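Secondary and tertiary structure notes
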Amino acid sequence: MVGGQILSVMNLMWVIAVPLLAALATPLVGRVLGRAIGWWAVAASLVAAGLLVSLSGSVHSGNPPVWSVEWPAPDWGMRLALYADGWGWGFGLVVAGIGTLICIYAQHYLSDAEPRARFFMYLLLFESAMLGVVLSANLVGLVIFWELTSATSFLLIGFWHTQERARYGAYKALLITGLGGLALVAGVVLIYLAMGTTDIRELTARAGEVQAHPWFVPILVLVLLGVFTKSAQFPFHFWLPDAMTAPTPVSAFLHSATMVKAGVFLLGRIHPIFRGREEWFWIVSSVGMATMLLGAYGALRKTDLKALLAYSTISQLGLITLLYGFGTQLAALAATFHIFNHAAFKAGLFLTVGIVDHETGTRDKRVLKGLAKLMPITAVLCGVCALASAGVPLLNGFLSKELFYEEMVAHTGRGWWWWWWPAMAVGGSVLTFVYSLELFHGVFFGKLDPHLETDHGQSRGHGQPHDPGWGMLAPVAILAAICLKVGIWPGGIERYILDPAVAAVWGQPVDFTIKLWHGFTAPLILSILTAITGLVIYWQRHRLADVQTRLAWPFGANTIYDAALKGLVNGTGKLTDALQNGRLRSYLWLALAPVVVVLTLILGREGWSRIWPAQFSPLAPAEAVLLGLLIVATLAVVAVNQQRLTAVIVLGAVGALVSVFYLVLSAPDLALTQLLIEAITIILFLLVLWQLPKSVPALSTRGERFRDALLAVGFGVVMCLVVLAVAAANVPKPVADFYEAASLPRGGGRNIVNVILIDFRGFDTLGEITVLGIAALGALALMKLRRRKEDRR
Amino acid sequence: MSAHLPILPILWPLATALVLLLVLRRSVAAQRAFSLVSLLGLVAIEVALLLWLSGGEIAVYRLGNWEAPFGILLMADRLSAIMLLLASITAVATLLFAFGDLDERRERMHFYPLFQFLLLGLNGAFLTGDIFNLFVWYEVTLIATYALLTLGSEARQLRAGLPFLALNLTGSTLFLAAAGLIYGATGTLNMAHLSVLTAAADGASAVVVQVATVLLLVVFCFKAALFPLYFWLPDGYPAPPAAISAFFGGVATKVGVYSMMRVFPLVFPEQRALVGEGLMALGAVSMLVGVWGAVCQTEIRRLLSFHIVSQIGYLAFALGLLTEAGVAAAIFYMIHYTLVKCGLFLVAGVMERMTGQNSVKKIGGLMESAPALAALFFVAGLSLAGLPPWSGFFAKIVVVVAGFQQERYLYTGIAVLTGLFTLFSMMKIWHLSFWGEPAGERRPVPRVMYGAVALLVACSVIFAAVFQPVHAFARQTAAQLLAPDNYVRAVLWEGR
């Protein structure tokens, strides 16, 4: 028993590790297998699915296996932990199962010119990440896998990266889901700080505490931002249609069982923690409702079948979101059931559209008509999936739609305005009914376009469009069979997958049965109403199209997105050009003006009186004269600075006057040093200036010069005040006293400055000498490399 | 021997530089070999130092054996050891890259000794325990940086050199003024001694201490390239060859951040509120202004240079929290980003070398012709943007945790949002240069250049794998830094 437990725990880890390792090995295995590399991916997905099946015993016994590793931060309670409760396990099974079908399909779908190994590597990486999301027991691990699905789906969507549209779509998907990912990260951090844990089971157990926390609303909003962006909920829905630039098997995978489903998966995950709060209901259900209607309406406007499917996915995700928002047991059941149903029929539909595209070279619904004659099997399979999507009895979609209606009607007792919800539900379902018919009836019936029969220029099949080989049909057939099986005998699946999944989403075991016939109830009447209205609208669909054209919105989320990106680049460009303008004056101004302001504030706050020295020594006449000369000389530098040579010479005079000051203050050695430096500097200056024009043109306006003068004077005054403060402080100087005392006995020198330079602080001197050496080296390089360049010319 | 360990990271590159300059001047091959061997030796020394100090000991090395606070002393703790090692690992990668990337002209014109001198300046700054001595090492760093920046005398290098030098010298002047004021207000320059004296300062000397704090904040922000003191960086860093700008981008600005970590908690224990608020505000603005500067660039290394400003903003914000969690976050972030940023600069170097172009718009389809490079960029780029499972994700998490902990919602929100802009700009490089129709030439790239990139990217991956121990170490480091008493005891009591 214990051994078995450990085995199943390891199996849990392998569910993710197998696709991951298979992906990493793909480039190498691809060299051996060549074209057949797809089967490698099929095998990996199948193994993952098999491992999950092997866990079913412990899942059903309500004792989910847990595997965790002490990473990344067990000290913080942040572990990469996996567990297979009903929700994650059931979802994982769907991911790995549909993943297997997709790999089989893709193996036959891809042309030989395409980099197959790379494709399957991305696909397996993505699958592994997705399995990680659904099996994570800790929000930190979930976020890590979550972001990985964003990154890997980016590579998948942009697989045909030489196409501009593919790049655009991939970039958009990454940015929007990346935005949500960041919000989710922030939300998880808040949860961690609020609760001290990110373990999902513990959070579920302490749901009341989470809901009572003052941070509840920010946490909710941040986490939901993650959900809504990922699941393409309004107003973040617009990335999904552009993601259709991916190869069709990828779209089928991403938009039926994975990626966008990660959002609603998380919704189900946090459902037991968050449900019941008013904010949860209003935000989640309203957004879901808006998305459902908008998606279904949008689907009808599309002529590209893949775009139609994209909008239909948005709409179905909206429906699921809406249901989770209600937070009741029935709603949780309906939503969870619909997630699985939708995965089956939507994957089937995508794959069918892929077949049609593959065979005819087009996905335009205006051109595609009457294909049933040429591809009868495809037509049947598409029919099953499309009617399931429409919610026709005997198919799985009907059952979950009934539950949906039941939940909507259940609340009408609260007041007449609650009829709003079933009304909108019917509205959305009618539109769904119509676009599903368009997919099936529109494409496969009617008069065959003769163009299609003869023109094979665009077709990637050979000759006339026909049913493809088994490799592309079989996956669709399996999905269609599931739709039928669940629709007619909904007995087995609820025991196996749905039971534990609903129990996990609700938080405790739920007692339910799903029946095909449950009497003449309100939901059934609504279903009939939906079908009749749908048929009428489908019959009159050209009128609908007219209405839609008239109502066409002048700008949508896409326009805003494009404008925002353009605005971002332009706006930041302008800002950056303004700041980084290449002008030293502006750089210095921006750097120093704030310093003057801050220092003035500090001095002002501290009170001027504190920094004013108590007494000044009297000013000797010689000092006064010197000071006057110094000021005059300094002003002269400013006055003559356009004459380079004169300015340098006057500057030298200033330096000389300073050295005289030192002399007066009885520091002859300093004076000597200063004089020496001044002399050398002037000589160097003169040598350089020799090569330059004698005078500088006036490069600045009066205003600029005034501003600069203001800054200079301000800085000078502030520094002057600070120096006065130093004088006022007049603190004891133990270090200086020590130098004075120790210079001769311990340093062996009478000149204290010298002893400081070569002994007490000789290390500084070493550094300064090195600076001079490096400067010489740099100057040498500057001159030599420059001259060499000229020689070459 | 171990008593002399703290000074070895200073003497070693100095001796190496002199040997390269005086003995091996004629042979480029010998210079290469000796530089590399010496650098590996330095790594070994620093590993030993790290092992020694990881227990929490503060090593004090008194130069000339003058008792504190009268002589200059070196002071090595966990942070110093981290910085030293970080600098030399980055140096190994850039040196390897330089073997493939640099033209012989530059190699002959003393690239290798100058590189060692730069390392000398950095190491000195990481080890000194004296505020004026820190200034000296700043000067060594500055002049070596300038020499390397202009090495080759291309027009662009010379143009970028002027603002670089002018602004950095302004910084130096302020530093000198601050050091003078500090001495005037307290009578000492020893950091540990200052810790006691600035806390006790009153009257006019308290005002001067505040002024000096602000001035030093400005100086370090200059060096670290924080808003509004960063203007020298985006023009300067892309100008020299990739190997040089990679080292600048990875390490050179960190000396400013290091100084903040070292100086503010220790030297000005009473000025925390002032420093913290200033750092957080400047950090927040830098995050945005830097990343906004990056998103509108098309030249890769210039784009990356703007990112430095933004990333330094993260560091400043986390550091400005001045909590243990905040400082630890800053340290972890710094480790992560030094490696990743240097790696990205090197990727850019390979791209330029391969295609002969430096603008993302003129390069295309690299994924087909250089899949390995694409993989390396993808990892490093996403890591910089803070996506898991690489080091950047964890670095971002610790910053956000520390920020929310102190209820700094606005600044933390900005930090989160900056991640999105970073992602935008990284993927801009990806989708223009790695995807799309092939554009630009395809020239052979020496393998050693790839190896250098791989080394750094591998480090980033490893740091994610060992997040917990590294972060725990960062946390201990932060705790040590925020308890100035330990330094005072080590320097003034035991160091006597």
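Residues numbered from 1 in each chain as written. Chains lettered and ligands numbered in written order. Predicted model: local features only at pLDDT ≥ 70, side-chain atom pairs only at ≥ 80, totals over all residues. Heavy atoms only, no water.

**With respect to the overall build of chain B**
When you go through chain B residue by residue, the secondary structure sums to 22 helices and two strands. For chain B, the C-alpha radius of gyration of 21 Å lies close to 23 Å, the compact-globule estimate for 496 residues. Summarising its shape, the C-alpha atoms of chain B cover approximately 70 × 55 × 40 Å along the three principal directions. Counting across all 496 residues of chain B, residues that qualify as buried make up 74%. Within chain B, contacts between residues separated by at least 24 positions form 82% of all contacts whose residues are at least 6 apart in sequence. Carbon and sulfur atoms make up 64% of the accessible area of chain B, which amounts to about 12700 Å² in all. Here chain B contributes 29 positively and 24 negatively charged side chains, and the mean placements of these two sets differ by 7 Å. (Helix = DSSP H or I, 4+ residues; strand = E, 2+ residues; numbered from the N terminus. Rg over C-alpha atoms; globule rule 2.2 N^0.38 Å. Buried < 20%, exposed > 50% of the residue type's maximum accessible area, 1.4 Å probe, protein only. Contact = heavy atoms within 4.5 Å. Areas by Shrake-Rupley, 256 points an atom, 1.4 Å probe, with all protein chains shown as cover. Lys, Arg positive; Asp, Glu negative; His and termini not counted. Charge placed at Lys NZ, Arg CZ, Asp CG, Glu CD.)

**Section: the packing of aromatic side chains**
Each aromatic ring pair is characterised by the separation of its centres together with the angle its planes make. Counting across every chain of the model gives 70 aromatic pairs over all chains. An angle of 25 degrees between the planes, with centres 4.5 Å apart, marks the rings of Y739 of chain A and F760 of chain A as stacked. Of this pair, Y739 of chain A sits in helix α32 (residues 734-747) while F760 of chain A sits in helix α33 (residues 752-760), and the two are 21 residues apart along the sequence. Overall, Y739 of chain A belongs to the buried group, its relative accessible area being 7%. Classification of F760 of chain A by relative accessible area gives buried; the value is 1%. Seen from their ring centres, W430 of chain B and F434 of chain B are 5.2 Å apart, and the 20 degrees between their planes marks the pair as stacked. Highlighted residues: W430 of chain B and F434 of chain B, both in helix α19 (residues 409-434), separated by four residues, approximately one helical turn. According to the relative accessible area criterion, W430 of chain B is buried, its value standing at 2%. Look at F434 of chain B and you get buried, because its relative accessible area is 0%. (Phe/Tyr/Trp six-rings, centres within 6.5 Å; stacked < 30°, edge-to-face > 60°.)

**Thoughts on empty space enclosed by the protein**
All names here are of chain B. By the definition in use, this model includes eight cavities of 30 Å³ or more. Estimates place the volume of the largest cavity at around 70 Å³. Lining the largest cavity are F135, Y138, E139, L142, N168, G171, S172, F175, V219, F222 and K223. Contributions of two or more residues to the lining of the largest cavity are made by α6 (131-150), α7 (155-186) and α9 (204-224). (1 Å grid on protein atoms, 1.4 Å probe; cavity = no way out; pocket = protein on both sides within 12 Å on 5 of 7 lines; lining within 4 Å. Points joined across faces, edges and corners; volume = space filled by probe spheres on them.)

**Some remarks on the pattern of salt bridges**
Residue and element names in this part refer to chain A. Tallied over the entire structure, the rule returns 35 salt bridges over all chains. A salt bridge links R167 to E164, with the shortest nitrogen-to-oxygen separation between them at 2.8 Å. Taken together, the residues R167 and E164, both in helix α7 (residues 164-195) and three residues apart, mark about one turn of the helix. Salt bridges here are not isolated pairs; linked through shared partners, they connect R583, R585, E704 and D708. (Salt bridge = Lys/Arg side-chain N within 4 Å of Asp/Glu carboxyl O.)

**Thoughts on helix α28 (residues 621-640) of chain A**
All names here are of chain A. For α28, spanning 20 residues, the distance from its first C-alpha to its last is 28 Å, which sits close to the expected 28 Å at 1.5 Å a residue. Every buried residue of α28 is listed here: E623, L626, L630, A633 and V637. The buried side chains of α28 occupy one side of the element, clustering within an arc of 90 degrees when seen end-on. More than 90 degrees from the buried face of α28, the exposed residues found are P621, V625, V632, L635, V638 and A639. Tucked into the core, α28 has its buried residues touching α29 (644-664). (Expected span 1.5 Å × (residues − 1). Arc of directions from axis to C-beta.)

**Some words on the pairing of strand β1 (residues 66-73) of chain A**
If a strand is regular, its side chains alternate between the two faces of the sheet. Residue and element names in this part refer to chain A. With six bridges connecting them, β1 and strand β2 (residues 78-83) associate as antiparallel partners. Along β2, the bridge assignment pairs A73 with M78. Between β1 and β2, which follow one another and run antiparallel, lie four residues, and G77 among them has a positive phi close to 75 degrees. (Pairing = 2+ DSSP bridges.)

**As for a nonpolar patch on the surface**
Residues and elements named next belong to chain A. Taken together, the side chains of L676, I677, I680, I683, L684, L687, V688 and L692 make up a nonpolar region of the molecular surface, amounting to roughly 780 Å² of accessible area. If you trace the backbone, L692 turns up in the loop between α30 (668-689) and α31 (702-729). Given a relative accessible area of 36%, L692 falls into the partly exposed group. (Patch = residues over 30% accessible without salt bridge, like charges linked within 9 Å, V, L, I, M, F, W, Y side chains within 5 Å.)

**Re the interface of chain A and chain B**
Tallying the contact residues gives 99 residues for chain A and 115 residues for chain B. A combined buried area of about 9400 Å² lies between chain A and chain B, and 77% of that area is made up of carbon and sulfur atoms. Together, Q580, F763 and L785 of chain A form the three largest contributors to the area buried by chain A at its contact with chain B, with a combined 8%. For the pair chain A and chain B, the number of links is three salt bridges. The residue E67 of chain B makes a salt bridge to R746 of chain A at a minimum N-O spacing of 3.1 Å. Top contributing element to the side of chain A that touches chain B by residue count: helix α34 (residues 762-792) of chain A, with 20 residues. Residue classes in the side of chain A that touches chain B are distributed as 68 nonpolar, 13 polar and 18 charged. (Buried area = accessible area lost by both parts, 1.4 Å probe. Nonpolar A, V, L, I, M, F, W, Y, C, P; charged D, E, K, R; others polar.)

**What about the nonpolar core?**
Within the largest apolar cluster, 481 residues are counted, with the highest numbers of intra-cluster contacts made by L371 of chain A together with F111, L216, F220, V263 and W430 of chain B. Considering every element that reaches this core, the biggest residue donor is helix α15 (residues 324-355) of chain B, with 22 residues. Both domains that furnish three or more residues to this core are identified here as domain 1 (286-569) and domain 2 (583-730) of chain A. (Core = buried A, V, L, I, M, F, W, Y, C linked by side-chain atoms within 4.5 Å. Domains from an automatic or database assignment.)

**Thoughts on the domain arrangement of chain A**
Domain annotation for chain A reports domain 1 (286-569) and domain 2 (583-730). Distance from the C-alpha centre of domain 1 of chain A to the C-alpha centre of domain 2 of chain A: 79 Å.

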